[in-house]
Amino acid sequence: MIRQKIEEWKNNNEIKDDLYFFLLASLLESADKIANTASVYGAYLKHLKKSAQKELVLQPAIYELKENKHEVFNNDGNILISRIEGDILYLDPPYNARQYGANYHLLNTIAKYDNFIPKGKTGMREYNRSHYCSKNLVKNEFENLIKNAKFNYIFLSYNNEGLMSIANIKNIMRKYGEYDLAKTDYQRFKADKNEKRNHKAARTIEYLHILKKSD
Ligand SMILES: C[S@@+](CC[C@H](N)C(=O)[O-])C[C@H]1O[C@@H](n2cnc3c(N)ncnc32)[C@H](O)[C@@H]1O
């Protein structure tokens, strides 16, 4: 109902693009708060958890008005990189093989509000597959991004359990300038903690790879 109303306002030119996207962001965040999932949408839970029993309340997305202008792109980073330049490039790509498009498909469906044919038990839609989630493709993809980046400084967040090892990243980045590494201990993300997987440590190490790019 909320989603339909937002679309109706847009189609009737009652709201402009900026308000349309603000309302969509607000709906996505509000819907996520009461989702009956273990944080990601790859599967739903059999029983309604406590937070999912609450009513959906549309709350405004957290948003600060600043003087500085900004632009938001919805594009593959490796394609976008040839069209943008700047002082600092901050990268936070996926670390592991779990595709975001699959794990957050329901939010994409709310955002797009299109017609698609649901497939399988989870009703998953078609989604973009990121090369950053492929053990075979990630190194090449990452190197191309670094090579083509027209930025003075590049920062990459990546943890110690990612598809690329610390050495892989270091070897790629140092080809393109002055490299440094910072690290911090981090509480494991909750969705991971609950999974029956081999790495049981509650903490993980978060690395910040830093590159001062040569001219
Ligand atoms: C670790 S999350 C980043 C989270 C973000 N920093 C935040 O705080 O919300 C990785 C993101 O990269 C996106 N992604 C994956 N492959 C990409 C690509 N080739 N180009 C652009 N974005 C990509 C995923 O969809 C996901 O949203």
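Residues numbered from 1 in each chain as written. Predicted model: local features only at pLDDT ≥ 70, side-chain atom pairs only at ≥ 80, totals over all residues. Heavy atoms only, no water.

What is the right way to read the pairing of strand β2 (residues 40-44) from this model?
The side chains of a regular strand alternate, first on one face of the sheet and then on the other. As defined by bridge partners, strand β1 (residues 37-38) adjoins β2 across 2 bridges and the pair is classed as antiparallel. Along β2, the bridge assignment pairs T37 with Y44. (Pairing = 2+ DSSP bridges. Helix = DSSP H or I, 4+ residues; strand = E, 2+ residues; numbered from the N terminus.)

Mind showing me how you'd approach the site of the ligand here?
Around the ligand, the surrounding shell consists of N75, D76, G77, D92, P93, P94, Y100, S130 and Y132. Between the ligand and G77, the relevant distance is 2.7 Å, taken from a nitrogen atom to a main-chain nitrogen or oxygen of the residue. A distance of 2.6 Å separates a nitrogen atom of the ligand from a polar side-chain atom of S130. For the shell around the ligand, the residue count by class is 4 nonpolar, 3 polar and 2 charged. (Near = heavy atom within 4 Å. Polar contact = N/O pair within 3.5 Å; in protein donor to acceptor, adjacent residues only side chain to side chain. Nonpolar A, V, L, I, M, F, W, Y, C, P; charged D, E, K, R; others polar.)

Sorry, what's going on with the sheet that holds strand β4 (residues 150-159) here?
Each strand in a sheet pairs with another by means of backbone hydrogen bonds, the pair being arranged parallel or else antiparallel. Pairing is mixed in the open sheet, where 4 strands are placed in the order β3-β4-β6-β5. For this open sheet the edge positions go to β3 (85-91) and β5 (177-187), each flanked by a neighbour on one side alone. Looking at each pair of strands side by side, their axes are set apart by 10° on average, direction ignored. As judged from the 11 bridges shared by β5 and strand β6 (residues 203-213), these two strands associate in the antiparallel manner. Counterpart to K183 in the pairing with β6 is Y207. Seen against the sheet, helix α7 (residues 166-173) touches β4, β5 and β6 and runs at an angle of roughly 10° to β6. (Axes fitted to C-alpha atoms, helices over the stretch in contact; angles between N-to-C directions. Contact = heavy atoms within 4.5 Å.)

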